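These are the residues of each chain, in order.
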Amino acid sequence: MIGVYDGREYHVFRSVGEFVQHILQRRYSGWKWFAHYGGRYDCNFIWDWLVERDRGIRWSFICSGSSVIRLRLQAGRNTVDLCDSYRLLPAGLRRLTETFQTKHRKWDAPDWESAEYNRDDCLALYEVLQRWFELVGEQAETVASTAMRYFRRHHLGRGIWRVPAEVEDAVREAYVGGRVEVFRRTLSPAKCYDVNSMYPWAMTGPVPVSYRGRVRRRVRRSGVWGVYDAEVGVPDMEYPPLPMRARKLVFPVGVWRGWFTSDELDRAEECGSIVRVIEGHEWDTDAVLASYVDDLWRRRQSASSDAERLVWKLLLNSLYGKFGQEPVRKVYQVDDGSEGLYPVYTSGGRPTGAAYRLVESRAGHLLPQIAAAVTARARVRLHELLVASSPAYCDTDSVMTHLDLPVSAELGGLKLEKAADEAEFCAPKLYRFGDRWTAKGLPDDDPELAGRYAGYGTVEYERNAGLVESLRCGRSCRRIRVVARRSPLDMPKRPWQGEDGTRPWVVRGGDLY
């Protein structure tokens, strides 16, 4: 059963073919149809129908990870996009209907054969999205795109130009993610502190906007930010300040060469590290994101409903990463033999009938130096917390420690998120806090699954296959059984030392020990 609501009428269909024929009518051409979790569920069933045989419908899709962001269908002159509303509002539909106080709600007990159940689902999602678009005043397929449109419309008060490709490549070498590490296996008592809106706080500072040029040395100057190819020497310490790209992002001691931001080189020198710059690129800075953060933070603090608070929170946290978006993406389509297509084969070497094209974006918002500056400032803030809190674990914007730390409701202040008698940390993103296990990548509907994974290293579960995964496996897009294994050969972020502690990696001659 497939149901659709177009803002005026609800229609229900008993086959994918009827549904596709309906939405490809001329009156819907150019429309975007949203399904919640559609990128991992609804699009899969439509995809299976499309590739079962030649339907006379052209299709293409783009993915983020294993999830479809947009599946485009075209028949003659009529084109529609199938989008995933989870990419706008990353929460379950039941929670969203409660948060947005919609007229129609998600049923407590699903009835997959009931048209009434299906209708209420469709109208509930429509009401959620209608309220979202009304509050934001922008329409886009993802929350990051929405945030960028809001910023450009209301807060971009000056021009910021893209840099040459070779400069952008250097910036991306220095653009790395958050810090997630285990320092001790056990913690008692256990207290988890989060930085209030860490990345929005980092966005309030000056960011690089006007490219100054290439340099051969680094001079610390106010109002100048840069990325530098440097040889660094980090002395022995418990919490090293500089990131290194290995098989994973690690923070070692020793001597090595890499690209680093000026924020982290400043912090490293404060901690006793030696820095020898080989070359770099520098920008003049301006706090161009500060008004955006001030606006949304004020709206969030004064919000009169949970829906408004959720909207402004999502927009606050979704802007900076858009500046660091990769300029090239894969667009999958029918393999019609056109020039520039790369055919997709199954793992057994058979053609799938699909291919992808590499499409380079020339969008003006691709400014990775801004994203690199924001994430580097956040890592420096976290490093300051590590030194001050003696934690057993850290994750991007949080530390877990036995100490009492000062808290504040201000932007960038600390919040006590949770506390427990004790905690156990097995690996990054795999830990027990009190009696609750957390394991990234595993379904959270089985509370014992993460515990079994931590204890035995192997678990089995079912999930929906992604489109590209299904193509390469030569299977239909349905539920598949997954075996997840923790390999003893997997490189840890920090090697274990004794029963309870870890130590930083040591770099010698370019290798980690």
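Here, every reference points to the structure presented above.
For the structure given in this document, a descriptive report is provided here. Since this is a predicted model, take the numbers as computed values, not measurements. Once a new chain begins, its residue numbering starts again from 1 and follows that chain's sequence as written. Where totals are concerned, whole chains, interfaces and linings use all residues; where local detail is concerned, this predicted model gives features only for residues with pLDDT of at least 70, and gives and counts side-chain atom pairs only at 80 or more. Side-chain metrics rest on all non-hydrogen atoms present in the structure, leaving aside hydrogens and water.

Strand order across the open sheet formed by 7 strands is β3-β6-β5-β4-β16-β18-β17, with mixed pairing between neighbours. Looking along the sheet, the strands with just one partner apiece sit at the ends: β3 (32-35) and β17 (341-345). Each neighbouring strand pair of the sheet contributes to a mean axis angle of 25 degrees, computed without reference to strand direction. At least two DSSP bridges between two strands are needed for those strands to be called paired. Each helix is a run of DSSP H or I of at least 4 residues and each strand a run of E of at least 2, with the numbering of both proceeding from the N terminus. With 4 bridges connecting them, β3 and strand β6 (residues 78-84) associate as parallel partners. Residue pairing for β6: Trp-33 is matched across the bridge by Leu-82. What counts as an axis is a line fitted to C-alpha atoms, over the stretch in contact for a helix, and the angles between N-to-C directions run from 0 to 180 degrees.

The strand order across the open sheet formed by 6 strands is β10-β15-β11-β14-β29-β30, and the pairing between neighbours is mixed. If you trace the sheet from one side to the other, it starts and ends with β10 (207-215) and β30 (511-512), each paired once. Here strand β14 (residues 253-261) runs beside strand β29 (residues 506-508); their pairing, made up of 2 bridges, is parallel. Looking at β29, one finds that Gly-254 is bridged to Val-507. Note on contacts: a residue pair is in contact if any heavy atoms of the two residues lie within 4.5 Å. Taken strand by strand, helix α6 (residues 165-174) contacts β10, β11 (224-234), β14 and β15 (274-286), and its axis lies near 135 degrees from that of β14. Each of β10, β11, β14 and β15 is contacted by helix α12 (residues 368-389), which is oriented at about 105 degrees to β10, the strand it contacts most.

Take the number of residues in a helix, subtract one, and multiply by 1.5 Å to get its expected span. In this model, helix α10 (residues 306-318) (13 residues) spans 18 Å end to end at C-alpha, consistent with the 18 Å of a helix rising 1.5 Å per residue. Only protein chains enter the accessibility calculation, which uses a 1.4 Å probe; a residue is then buried when its area is under 20% of its type maximum, exposed when over 50%, and partly exposed in between. Listing the buried residues of α10 in full gives Ala-307, Glu-308, Leu-310, Val-311, Trp-312, Leu-314, Leu-315, Leu-316 and Ser-318. Where α10 is buried, its residues meet α3 (93-99), α4 (115-136), α5 (143-154), α7 (198-203), α9 (290-301) and α11 (320-323).

Further remarks concern the layout of surface pockets. Grid spacing is 1 Å over the protein atoms alone, the probe is 1.4 Å, and a cavity is where that probe fits but cannot get out, while a pocket is an open set with protein on both sides within 12 Å along at least five of seven lines and lining residues have an atom within 4 Å of a point. Grid points are joined across faces, edges and corners, and a volume is the space filled by probe spheres set on the points. A volume near 1,200 Å³ is recorded for the second largest pocket. Listing elements by their share of the lining of the second largest pocket, those giving two or more residues are α3, β9 (190-195), α7, α9, α10 and β21 (414-420). Ranked by residues supplied to the lining of the second largest pocket, first place goes to α10 with 6 residues. Taken together, the residues that form the lining of the second largest pocket break down as 11 nonpolar, 7 polar and 12 charged. Any residue outside Ala, Val, Leu, Ile, Met, Phe, Trp, Tyr, Cys, Pro, Asp, Glu, Lys and Arg is labelled polar, Gly included; the first ten of those are nonpolar and the last four are charged.

Note on disulfides: each one is a pair of cysteine sulfur atoms within 2.5 Å. Inspection of the entire model under this criterion finds 0 disulfides. The thiol sulfur of Cys-192 is not disulfide-bonded, and the nearest other cysteine sulfur, from Cys-394, lies at 11 Å.

Further remarks concern the pattern of salt bridges. Salt bridges, as used here, are contacts in which a Lys or Arg side-chain nitrogen is within 4 Å of a carboxyl oxygen on Asp or Glu. Counted by the stated rule, this structure contains 40 salt bridges. The partner of Glu-168 in a salt bridge is Arg-162, and the shortest N-O contact between them spans 3.3 Å. Of the charged contacts in the structure, one is a salt bridge between Arg-220 and Asp-266, with a shortest N-O distance of 3.2 Å. Here Arg-220, found in the loop between β10 and β11, pairs with Asp-266, found in helix α8 (residues 262-270); they are 46 residues apart in sequence, far enough to count as distant. Judged by relative accessible area, Arg-220 falls into the partly exposed class, the value being 49%. Residues joined by salt bridges that share partners form a network here, namely Arg-218, Arg-220, Asp-266, Arg-267, Glu-269 and Glu-270.

Moving on to unusual backbone geometry. The omega angle of the peptide bond from Ser-188 to Pro-189 is -10 degrees, so this bond is cis rather than trans. Tracing the sequence through the fold places Pro-189 in the loop between β8 (186-187) and β9. Of note in this structure, Gln-101 is not a glycine but carries a positive phi near 50 degrees.

Residue pairs three or four apart in sequence face the same way in an α-helix, which turns once every 3.6 residues. Of all the positions in α6, only Val-167, Glu-168, Ala-170, Val-171, Arg-172 and Ala-174 are classed as buried. In the core, the buried residues of α6 are packed alongside β10, β11, β12 (244-245), β14, β15 and α12.

Take the packing of helix α1 (residues 16-23) against helix α2 (residues 42-52) next. Put simply, α1 and α2 touch, their axes get as near as 10 Å, and they point 95 degrees apart. Judged on the interaxial angle alone, α2 and α1 are roughly perpendicular. Taken together, the residues of α2 that come into contact with α1 (itself represented by Val-16, Gly-17, Phe-19 and Val-20) are Phe-45, Ile-46 and Trp-49. Oblique is the label for any angle not under 35 degrees, not over 145, and not in the 65 to 115 range, which are roughly parallel, roughly antiparallel and roughly perpendicular in turn.

On the surface, Tyr-37, Tyr-41, Phe-45 and Tyr-86 cluster together to form a nonpolar patch covering roughly 370 Å² of accessible area. With respect to the helices, strands and loops of the structure, Tyr-37 is situated in the loop between β3 and α2. Note on patches: the residues involved have over 30% relative accessible area and no salt bridge, like charges join within 9 Å, and the nonpolar side chains Val, Leu, Ile, Met, Phe, Trp and Tyr join within 5 Å. Here the Shrake-Rupley method, with its probe set to 1.4 Å, supplies the accessible areas, and only the displayed protein chains count as covering residues.

On to the nonpolar core, then. As used in this record, nonpolar core signifies buried Ala, Val, Leu, Ile, Met, Phe, Trp, Tyr and Cys residues forming a set joined through side-chain atoms within 4.5 Å. Counting 67 residues, the largest nonpolar core has Leu-89, Trp-132, Leu-289, Tyr-292, Leu-315, Leu-319 and Phe-323 as the members making the most contacts within it. Setting aside its immediate chain neighbours within four residues, Leu-319 contacts Ala-147, Met-148, Phe-151, Met-203, Leu-289 and Tyr-292. Within the second largest apolar cluster, 29 residues are counted, among which are Ile-46, Trp-49, Val-80 and Ala-354.

What follows concerns the side chain of Ser-262. Within the secondary structure, Ser-262 is located in helix α8. Using a relative accessible area of 7% as the deciding quantity, one classes Ser-262 as buried. Leave out the neighbours within four places in its chain, and Ser-262 touches Arg-218, Trp-225, Gly-226 and Tyr-228.

Our next topic: the packing of aromatic side chains. The pairing test for Phe, Tyr and Trp rings, Trp by its six-membered ring, is centres within 6.5 Å, and the orientation test on the planes gives stacked under 30 degrees, edge-to-face over 60, and tilted for anything in between. For the structure on display, the rule yields 26 aromatic pairs. On the basis of an interplanar angle of 80 degrees and a centroid distance of 5.5 Å, the ring pair of Trp-47 and Phe-61 is categorised as edge-to-face. Remark: Phe-61 occurs in strand β4 (residues 58-64) and Trp-47 occurs in helix α2; sequence separation between them is 14 residues. By the burial criterion, Trp-47 is buried, and Phe-61 matches it. On the numbers, 5.0 Å between centres and 85 degrees between planes, the contact of Phe-183 with Tyr-239 is edge-to-face. With Phe-183 in the loop between β7 (180-182) and β8 and Tyr-239 in the loop between β11 and β12, this pair connects stretches of sequence that are 56 residues apart.

Distances and angles like these do not, on their own, reveal function.
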